[in-house]
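# Coordinate analysis (summary)
Here's the letter readout for the chains.
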Amino acid sequence: MDHVIDNIYNHPVYYDLVFASDWVAEFKFLEAAFKKHVTGKTKRLLEPACGTGRLMYRMAKAGYVCDGLDLNEKAIEYCNARLKKHGLKPSAWVANMCDFTVKKPYDAAFNTINSFRHLDTEKAAVAHFRAMAQAIRPGGIYCLGFHLTPLEGEATDRESWSARRGNLSINTSMWPRDKDVKARIERFNLRFDVYKPTGMHRIDDCLVLRSYTWKQFASMIKKVPEWTIETAYDFSYDIDEPIEIDPGTEDVVYILKRK
Ligand SMILES: C[S@@+](CC[C@H](N)C(=O)[O-])C[C@H]1O[C@@H](n2cnc3c(N)ncnc32)[C@H](O)[C@@H]1O
């Protein structure tokens, strides 16, 4: 068996096969959130850490102007190639979500499934929200989905997924490697077992994520006064069911409003 240790984001075909099928609930929720929480119309969207553009592409297809940025060149190449293939503008660019500028502000932004937790220091997180404040117009929103550290009960930190397209099938699993509570750094093993007619190979990666309790997130966001926490939902993506954040809350989609 071939076995490599590599950043999984360097393998956009595999990443996209595993995660792209999960778009409908997020897409519907985001559209409903724009309608409910943006002041004025929503036409222009931004996705920081857009990766392969699994959501960006759906938004562009639905008629929004949707731009995205990501640190990974291979993911951006894949994202733009797919947009082009479908007659859409290749509107993703390589950039760091802590340090970027835009030509014209957007009405709303979204960043789901923990990508923001890749920013491993408070300084980087604050820089991200400052850059986002420049990128979103007053009255706009930023939908931010990630896992908080629950202070009651066990964290759900083991997951597995499978996906298949034609002759390609992939089994993926993620499990904790170690957690440094004081430094607020959690490391997860991530394994992709890829099966093709020519054989099987394995890619192992280690995801490094910064942890947030709800209080740590609230105190960080206060450092960027352009943002206010408007409300929050969970990963059931039900726009009619906002949640109250409490010590047991784990999955959360914050709606941050640009003042
Ligand atoms: C879990 S993937 C999510 C991709 C996409 N948003 C989605 O929903 O499928 C996380 C992405 O964050 C990107 N990323 C990590 N750190 C970044 C940074 N500092 N600036 C921009 N992108 C970053 C990675 O390259 C990766 O594509």
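Residues numbered from 1 in each chain as written. Predicted model: local features only at pLDDT ≥ 70, side-chain atom pairs only at ≥ 80, totals over all residues.

## What about the overall build of the chain?
Of regular secondary structure, the chain possesses 6 helices and 12 strands. At 18 Å, the chain has a C-alpha radius of gyration in line with the 18 Å of a compact globule built from 259 residues. Expressed along its principal axes, the backbone C-alpha trace of the chain runs to roughly 55 × 45 × 35 Å. The buried share among the 259 residues of the chain stands at 33%. Considering only residue pairs separated by 6 or more positions, the chain has 66% of its internal contacts joining residues 24 or more positions apart. (Helix = DSSP H or I, 4+ residues; strand = E, 2+ residues; numbered from the N terminus. Rg over C-alpha atoms; globule rule 2.2 N^0.38 Å. Buried ≥ 20, exposed ≤ 12 C-beta atoms within 10 Å, placed from the backbone. Contact = placed C-beta atoms within 7 Å.)

## Quick word on the environment of F146
Positionally, F146 belongs in strand β6 (residues 136-147). Apart from the residues lying within four places of it in its own chain, the contact partners of F146 are N114, F116, R117 and V252.

## What about the site of the ligand?
Around the ligand sit 18 residues, and of these A49, G51, N72, M97 and S115 come closest. Its residues placed into classes, the shell around the ligand shows 10 nonpolar, 6 polar and 2 charged. (Near = placed C-beta within 6 Å. Nonpolar A, V, L, I, M, F, W, Y, C, P; charged D, E, K, R; others polar.)

## Examining the environment of K182
Mapped onto the elements of the fold, K182 is located in the loop between β8 (168-180) and β9 (185-196). Under the C-beta neighbour-count criterion, K182 is labelled exposed, with 6 such atoms within 10 Å. Between the C-alpha atom of K182 and that of S211, which follows or precedes it by 29 residues, the distance is 9.9 Å.

## Concerning the nonpolar core
The biggest cluster of nonpolar side chains holds 47 residues, and the ones touching the most others in it are M56, A109 and C143. Top contributing element to this core by residue count: β6, with 6 residues. The residues contacting M56, other than those within four sequence positions of it, are E47, C50, C66, G68, C79 and A92. (Core = buried A, V, L, I, M, F, W, Y, C linked by C-beta atoms within 7 Å.)

## A few points about the sheet that holds strand β5 (residues 106-111)
Judged by pairing direction, the sheet is mixed, and its 7 strands sit side by side in the order β4-β3-β2-β5-β6-β12-β11 without closing on themselves. At either margin of the open sheet sits one strand with a lone partner, and together these are β4 (92-94) and β11 (227-233). The average angle at which neighbouring strand axes cross in this sheet is 20 degrees, direction not considered. The sheet contact formed by β11 and strand β12 (residues 251-258) spans 6 bridges and is antiparallel. Counted as the bridge partner of T228 is K257 from β12. Where helix α2 (residues 24-37) meets the sheet, it contacts β5, β6, β11 and β12, and its direction lies at approximately 140 degrees from that of β6. The strands that helix α4 (residues 73-85) touches are β3 (65-70) and β4; relative to β4, the one it contacts most, it runs at about 165 degrees. (Pairing = 2+ DSSP bridges. Axes fitted to C-alpha atoms, helices over the stretch in contact; angles between N-to-C directions.)

## Here we look at the sheet that holds strand β1 (residues 2-5)
The sheet built from 5 strands is open, its strands ordered β1-β10-β9-β8-β7 with mixed pairing. Looking along the sheet, the strands with just one partner apiece sit at the ends: β1 and β7 (159-165). The average undirected angle you get between the axes of adjacent strands in this sheet is 20 degrees. Running at roughly 90 degrees to β8, helix α1 (residues 12-19) makes contact with β7, β8 and β9 of the sheet.

## Description of the domain arrangement of the chain
By a widely used convention, the size of an interface equals the accessible area lost when the partners come together. Once the domains are mapped, the chain shows domain 1 (4-150 + 213-258) and domain 2 (152-210). Relative to domain 2, the C-alpha centre of domain 1 lies at a distance of 21 Å. In this complex, domain 1 contributes 20 residues to the contact, which on the side of domain 2 involves 20 residues. For the side of domain 1 that touches domain 2, the secondary structure elements donating two or more residues are β1 and α1. With 3 residues, the top contributor of residues to the side of domain 1 that touches domain 2 is α1. (Domains from an automatic or database assignment.)

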